[in-house]
Amino acid sequence: MSRSKRKWDHIQYALATGQRSLTGFEDVAFIHQSLPDTFLHQADLGTSVGELSLSSPIFINAMTGGGGDRTIKINRDLASAAKATGLAMAVGSQMSALKDPNEIESYRVVRKENPKGIIFGNLGSEATIDQAKAAVDMIEANALQIHLNVVQELTMPEGDREFRGALKRIEQIVLHSEVPVVVKEVGFGMNKETVSMLASIGVSAVDVGGFGGTNFSRIENARRERLLSFFDEWGIPTAVSIAEAVVQKDEIAVIASGGIQTSFEIAKALALGAGAAGMAGYFLKVLIKEGLEPLIEEINIIHNELKMIMTALGASNIRQLQQAPVIISGKTHHWLNERNIDTKAFSQRIIQK
């Protein structure tokens, strides 16, 4: 099967399999503030992720590219939505364009459509220094995502089976990159040890890509004769992954992603300590089923709802939202306690004005 055909199949399977909302956010509850001392129009959504300053904590996470004309249109529309709403955006893996120049336009269209926007390039951990530079140059990227997708590759019939040396390759890319490097999991979550290793080699930010959103094991199993069904339930839920990542004292920013679909889940992700939240599957569903203008409208609604949540909590900006006290219960509480992560530290915080 051609890489282009596989890219389009991934989109179709992602829409068909959907998101199962097993993110762990149901175990996170805000503590109500009766005297928030805020007003709605004061709420500021600006945030920072490593060296990047963003006008919104929401960004359009990596989805596609390299699938011919159909992915050109999707990426053009996503870039249009990003431009209209002030969101950053990541493209899908650019390896297909590095191997087939005919696919370059499916990525370059994003920069053409949004010339002043913040755009993330994207490659797998097998990438070389030269490939990383080419991916950045291709779209004039402001940052480069390196994605980790071991379980997807193992489930993919034609996927990679060799994963040695990834940390060293990422380190070399970091050392030679002129833009910040973000390392992203693809739907199976990150633990604190992985985050610590990535911080030690100078990675600017991690995108935890937690379990509970688009499930690439289920997508690849749909393409197999003999199922590896055990991988369908494999991973660290998104809420847990964020808490594992932020507990590290290393200088590394945290991006939340993995099944995030609402303003309430974005607020919870930020309150757990993330600096931004990536959304992919939900935005793709709105775009494909309803169109570009409804997607832009939905993003604007989410922005407004997020400001309302911040106002209710007494948070005038994202930094203050990250200090909002939350109660962690259920399976998420159990997991974090077993991992020796103090859940009381989240509940005893006070927003500093």
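Since the model is a prediction, treat every value here as computed from it, not as a measurement. (Residues numbered from 1 in each chain as written. Predicted model: local features only at pLDDT ≥ 70, side-chain atom pairs only at ≥ 80, totals over all residues. Heavy atoms only, no water.)

With that settled, the discussion passes to the overall build of the protein chain. Each helix and strand counted, the protein chain has 16 helices and twelve strands in total. For 353 residues, the compact-globule estimate of 2.2 N^0.38 gives 20 Å, and the protein chain sits close to it at 19 Å. With the C-alpha coordinates of the protein chain rotated into their principal frame, the extents come out at 60 × 40 × 40 Å. Of all intrachain contacts in the protein chain linking residues separated by at least 6 positions in sequence, the fraction that spans at least 24 positions is 75%. Accessible area for the protein chain stands at about 15300 Å²; split by element, carbon and sulfur atoms hold 51% of it. On the protein chain, the mean spot of the 36 positive side-chain charges and the mean spot of the 40 negative ones are 2 Å from each other. (Helix = DSSP H or I, 4+ residues; strand = E, 2+ residues; numbered from the N terminus. Rg over C-alpha atoms; globule rule 2.2 N^0.38 Å. Contact = heavy atoms within 4.5 Å. Areas by Shrake-Rupley, 256 points an atom, 1.4 Å probe, with all protein chains shown as cover. Lys, Arg positive; Asp, Glu negative; His and termini not counted. Charge placed at Lys NZ, Arg CZ, Asp CG, Glu CD.)

Our focus in this paragraph is helix α5 (residues 129–139). Of all the positions in α5, only Ala132, Ala135, Val136, Met138 and Ile139 are classed as buried. Buried residues of α5, seen end-on, are gathered within an arc of 160° and therefore sit on one face of the element. Relative to its buried face, α5 has exposed residues pointing more than 90 degrees away, namely Asp130 and Lys133. On the buried face of α5, the contacting elements are α3 (95–99), α4 (105–113), β6 (119–124), β7 (143–148) and α7 (166–176). Immediately beyond the C-terminal end of α5, within one or two residues, lies Glu140, with a positive phi of roughly 50°. (Buried < 20%, exposed > 50% of the residue type's maximum accessible area, 1.4 Å probe, protein only. Arc of directions from axis to C-beta.)

The next point concerns the side chain of Glu244. Among the secondary structure elements, Glu244 is positioned in helix α10 (residues 238–246). At 2.8 Å, the side chain of Glu244 and the side chain of Arg339 are in polar contact. Leaving out residues up to four positions away in the same chain, Glu244 has contacts with Met190, Asn191, Lys192, Trp335, Leu336, Arg339 and Ile341. (Polar contact = N/O pair within 3.5 Å; in protein donor to acceptor, adjacent residues only side chain to side chain.)

To continue, consider the sheet that holds strand β10 (residues 253–256). Pairing between the strands of a sheet is mediated by backbone hydrogen bonds and can be parallel or antiparallel. On the basis of which strands lie adjacent, the closed barrel formed by eight strands has the order β4-β5-β6-β7-β8-β9-β10-β11 and parallel pairing. Taking the axes of each pair of neighbouring strands and ignoring which way they run, one obtains an average angle of 30° across the sheet. Note that β6 and β7 share five bridges and pair parallel. By the bridge assignment for β7, Gly124 is matched with His147. (Pairing = 2+ DSSP bridges. Axes fitted to C-alpha atoms, helices over the stretch in contact; angles between N-to-C directions.)

Within the UniProt annotation, "binding site: FMN" (unreviewed entry) is assigned to Ala62, Met63, Thr64, Ser93, Asn122, Lys184, Thr214, Ala280 and Gly281. On the basis of relative accessible area, Thr64 is assigned to the buried category, the value being 3%. Mapping Asn122 onto the fold places it in strand β6. Not counting residues within four places of it along the chain, the set of residues in contact with Asn122 comprises Ala62, Val91, Gly92, Ser93, Gln94, Leu144, Gln145 and His147. (UniProt positions renumbered as here; feature names shortened; annotations may be inferred.)

Our focus in this paragraph is the pairing of β10. What you see with β10 is no split at all: Ala253 and Ile255 on one side and Val254 and Ala256 on the other are buried throughout. With three bridges joining them, strand β9 (residues 205–207) and β10 adopt parallel strand pairing. Bridge pairing in β10 places Asp207 opposite Ile255. Pairing analysis gives two bridges linking β10 to strand β11 (residues 276–279), with the strands arranged parallel. Across the sheet, the residue bridging to Ile255 is Ala276, located in β11. At this point the chain moves from β10, through helix α11 (residues 263–271), to the parallel β11, and the crossover so formed is right-handed. (Right-handed = clockwise from strand over helix to strand, strands pointing away.)

With that settled, consider the packing of aromatic side chains. Overall, the coordinates contain five aromatic pairs when judged by the stated rule. Ring geometry for Tyr282 and Phe283: centres 6.3 Å apart, planes at 45°, overall tilted. Overall, Tyr282 belongs to the buried group, its relative accessible area being 18%. These aromatic residues form a ring-pair network of at least three members: Phe230, Phe231 and Trp234. (Phe/Tyr/Trp six-rings, centres within 6.5 Å; stacked < 30°, edge-to-face > 60°.)

This next bit is on unusual backbone geometry. Even without being a glycine, Asp37 presents a positive backbone phi close to 55°. For Asp37, the position within the fold is in the loop between β1 (28–30) and β2 (47–49). Under the relative-accessibility criterion, Asp37 is labelled exposed at 68%. At Glu140, a position not held by glycine, the phi torsion is positive, near 50°. A residue is classified by how much of its surface remains accessible, and Glu140, at 57% relative accessible area, is exposed.

Side-chain pairing between opposite charges can occur once the charged atoms of the two side chains come close. One pass over the full model with this rule turns up ten salt bridges. Its salt-bridge partner being Glu105, residue Lys112 comes within 3.1 Å of it at the nearest N-O pair. Residue Lys112 is classed as exposed on the basis of its relative accessible area, which comes to 55%. With its nearest N and O atoms 2.8 Å apart, the salt bridge here joins Arg339 to Glu244. (Salt bridge = Lys/Arg side-chain N within 4 Å of Asp/Glu carboxyl O.)

For the pair helix α2 (residues 69–85) and helix α13 (residues 292–313), the least separation of the axes is 10 Å and the interaxial angle reads 40°. In the crossing of α2 with α13, the sense of the turn from one axis to the other is right-handed. Contacts between α2 and α13 involve Asp77, Leu78, Ser80, Ala81, Ala84 and Thr85 from the former and Leu292, Leu295, Ile296, Ile299, Asn300 and His303 from the latter. Looking at the contact of α2 with α13 residue by residue, the classes come out as seven nonpolar, four polar and one charged. (Left-handed = near helix turned anticlockwise from the far one by under 90°. Nonpolar A, V, L, I, M, F, W, Y, C, P; charged D, E, K, R; others polar.)

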